[in-house]
Amino acid sequence: MDLEARSLQPNVKAVLLAKLREYKSDLNNLKSEHKRLASANSNQAARDDLLESGMADAMSVSANQRGRLMMSTERLNESSDRIKESRRTMLETEELGVSILQDLHQQRQSLLHANDTLHGVDDNISKSKKILTNMSRRMSRNKWIISSIIVVLIVAIALILYFKLSK
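Residues numbered from 1 in each chain as written. Predicted model: local features only at pLDDT ≥ 70, side-chain atom pairs only at ≥ 80, totals over all residues. Heavy atoms only, no water.

*Asks:* Would you mind going over the overall build of the chain in detail, with residue names and values included?
*Replies:* Helix and strand counts for the chain stand at three helices and zero strands. Scored against the burial criterion, the 167 residues of the chain give a buried share of 4%. Counting every atom, the chain has about 15,100 Å² of accessible surface; 62% of that belongs to carbon and sulfur. (Helix = DSSP H or I, 4+ residues; strand = E, 2+ residues; numbered from the N terminus. Buried < 20%, exposed > 50% of the residue type's maximum accessible area, 1.4 Å probe, protein only. Areas by Shrake-Rupley, 256 points an atom, 1.4 Å probe, with all protein chains shown as cover.)

Here it is, written out as structure tokens:
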């Protein structure tokens, strides 16, 4: 849940992370209260059993106590196993989350580098476009100049021929 909350948009992320912290603290409080009550209940049960032993038959009370003690021990062991399994799952999930975050960071760096490279290429294309435009203008101007010179030469040749042939 923590990993999912961190990957959301900032405005939603803050609210969810606050709730998550609140839930975690509630869970820790409940665990500590459970431990406190379990130890208090086991002490109370042991005390009641000792008091009952004086009042009832020693054998039946001892067997009853032993049975309840075995049941309590079994439930405690099951709870401990579930807590250990939950803790192991939590650690695996956290490691996976850290790994994913590292991968995302590397991908972000790659994208930023590609973006910078793209901007550099875009700048070079703009410069090339300006150079080609200037070359095109010069080429067009040179065509006009050459065409003008050719026309002047043709007119000059025509005039020379006219004066030569008219004499």
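*Asks:* Describe the pattern of salt bridges, naming the residues involved and giving the relevant values.
*Replies:* Two side chains with opposite charge may pair up if their charged atoms get near one another. In the structure shown here, the tally under the stated rule is two salt bridges. Among the salt bridges present, the one from Arg88 reaches Glu92, with a minimum N-O distance of 2.3 Å. Residue Arg88 and its partner Glu92 are both found in helix α3 (residues 58–166); the two are separated by four residues, about one turn of the helix. When its relative accessible area of 39% is taken as the criterion, Arg88 is described as partly exposed. A residue is classified by how much of its surface remains accessible, and Glu92, at 42% relative accessible area, is partly exposed. Three or more residues are tied together by salt bridges with common partners; here these are Glu85, Arg88 and Glu92. (Salt bridge = Lys/Arg side-chain N within 4 Å of Asp/Glu carboxyl O.)

*Asks:* Please give an account of the packing of aromatic side chains that cites residues and values.
*Replies:* Aromatic ring pairs: the centre-centre distance and the angle between the two ring planes describe each pair. In the structure shown here, the tally under the stated rule is one aromatic pair. Their ring planes at 65° and their centres at 5.7 Å tell us that Tyr162 and Phe163 sit as a pair that is edge-to-face. The exposure classification of Tyr162 matches that of Phe163, with both residues exposed. (Phe/Tyr/Trp six-rings, centres within 6.5 Å; stacked < 30°, edge-to-face > 60°.)

*Asks:* Explain the confidence of the model for the chain to me, and be specific about the residues and the numbers.
*Replies:* On average, residues of the chain score 85 in pLDDT, and 84% of them are at 70 or above. For the chain, helix α1 (residues 2–6) is the element with the lowest average pLDDT, namely 68, and α3 is the one with the highest, namely 91. (pLDDT = per-residue confidence, 0-100.)

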